[in-house]
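Inside the fold
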Amino acid sequence: MSGTEKAPPGVDTTVPSPARMYDYILGGTENYEVDRKAAEAVRTNMPDLEDAAWANRGFLQRSVRWLAEQGIRQFVDIGAGLPTRNNTHEAAQAVAPDTRVLYADNDPMVAAHAKDLLAGSSGTAFITADFRDPDGLLGHEEALALIDFTKPVALLLVAVTHFVPDEDDPWGAVQKYMSRLVPGSYLALSSITSERQPDRAVDTVEEVYSRSSSGAVRVRARADIERFFTGLEIVPPYEGGPARLAYVGQWGAEDPDAADSDGSRWGYCAVARKPK
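Reading the values: rules and limits
- Residues numbered from 1 in each chain as written.
- Predicted model: local features only at pLDDT ≥ 70, side-chain atom pairs only at ≥ 80, totals over all residues.
- Heavy atoms only, no water.
- Salt bridge = Lys/Arg side-chain N within 4 Å of Asp/Glu carboxyl O.
- Helix = DSSP H or I, 4+ residues; strand = E, 2+ residues; numbered from the N terminus.
- Buried < 20%, exposed > 50% of the residue type's maximum accessible area, 1.4 Å probe, protein only.
- Pairing = 2+ DSSP bridges.
- 1 Å grid on protein atoms, 1.4 Å probe; cavity = no way out; pocket = protein on both sides within 12 Å on 5 of 7 lines; lining within 4 Å.
- Points joined across faces, edges and corners; volume = space filled by probe spheres on them.
- Nonpolar A, V, L, I, M, F, W, Y, C, P; charged D, E, K, R; others polar.
- Contact = heavy atoms within 4.5 Å.
- Polar contact = N/O pair within 3.5 Å; in protein donor to acceptor, adjacent residues only side chain to side chain.

A word on the pattern of salt bridges. By the definition in use, this model includes 14 salt bridges. For R73, the salt bridge identified is with D98, shortest N-O distance 3.6 Å. Residue R73 is located in the loop between α3 (49–69) and β1 (74–78), and its partner D98 is located in the loop between α4 (88–95) and β2 (100–105); the two are separated by 25 residues in the primary sequence. Judged by its relative accessible area of 29%, R73 is partly exposed. A relative accessible area of 54% means that D98 is categorised as exposed. Put simply, D135 and R180 hold a salt bridge, and the shortest N to O gap is 3.1 Å. Here the residue D135 occupies a position in helix α6 (residues 134–138), and R180 occupies one in helix α8 (residues 170–180), the gap between them amounting to 45 residues. Given a relative accessible area of 39%, D135 falls into the partly exposed group. Salt bridges here are not isolated pairs; linked through shared partners, they connect D130, R132 and D168.

Next comes the structure, spelled out in structure tokens:
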């Protein structure tokens, strides 16, 4: 797709979009020249950009499969982005075909893409909604039509919260979401981290995304990411591992040491259960 092609209504091709940049980094086609230039600007000081994106994508797919294997049949995927391949409903329904998946995003390009991508997919729906509005998102008529909130739900916040500034209290929003879900529900969350990363690379990431449609990105320390799981029971990220945050490439890996790549270390993640 080129920057001169006609864009869907509401899509601004003059400002880079994090969702479209992510699509480009993963090898997709739902992006414009402005997105490719922004991603390449990040790559100048973050050579592991593609590795980091795929490690995060791998966490999504492995955690969804694991959750489906635990009996979870309902997923709410916020800020999904909906790349062309290996999305949440595909991973979950490969385990249990009756799984239902609600996608939510506030990017108009994602909304336009979702109509085509989800056409003919059973048990799925897409709504335009903002993570910062838990009541509006969970109370949306399509959400209520698809998801039975009297039963366990997996809330997916994969590479989402780092686009929400501290002043908007993303921790409070996550707690509000989880308060609406019944015990036995899960939170799967990943977030970019500043720990063990060169200052120049962190500065580049923050500077490029400050000029994107998100307005900013918050590259947080491990302790700040751990706060999202307050009151929840973190599950071990791999066999024999401690029940705590892991790098995104390591979660669910058969060989965690081999999965501990430089790109993987750009993000922390965990899956946690709401206790009874």
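Now that the structure has been shown, the text picks up again.
Working note: regular strand, side chains alternate between the two faces of the sheet. Taking burial as the measure, the 5 residues of β1 include 5 buried ones, the bulk of the element. The pairing of β1 with strand β4 (residues 154–158) spans 3 bridges and is parallel. Following the sheet pairing, V76 is matched in β4 by L155.

Taken as a whole, the second largest pocket encloses approximately 250 Å³ of empty space. Taken together, R62, R65, W66, E69, P236, P237, Y238, E239, W251, G252, A253 and E254 make up the lining of the second largest pocket. Partitioned by chemical class, the residues of the lining of the second largest pocket number 6 nonpolar, 1 polar and 5 charged.

This part is about helix α5 (residues 108–117). Structural remark: α-helix, 3.6 residues per turn; residues separated by three or four positions point the same way. Among all positions in α5, only M109, V110, A111, H113 and A114 are buried. Those residues of α5 that are buried lie in contact with α1 (18–25), β2 and β3 (124–128). At the N-terminal end of α5, a side-chain oxygen is found 2.8 Å from the backbone nitrogen of M109, two or three residues along, and the residue is D107.

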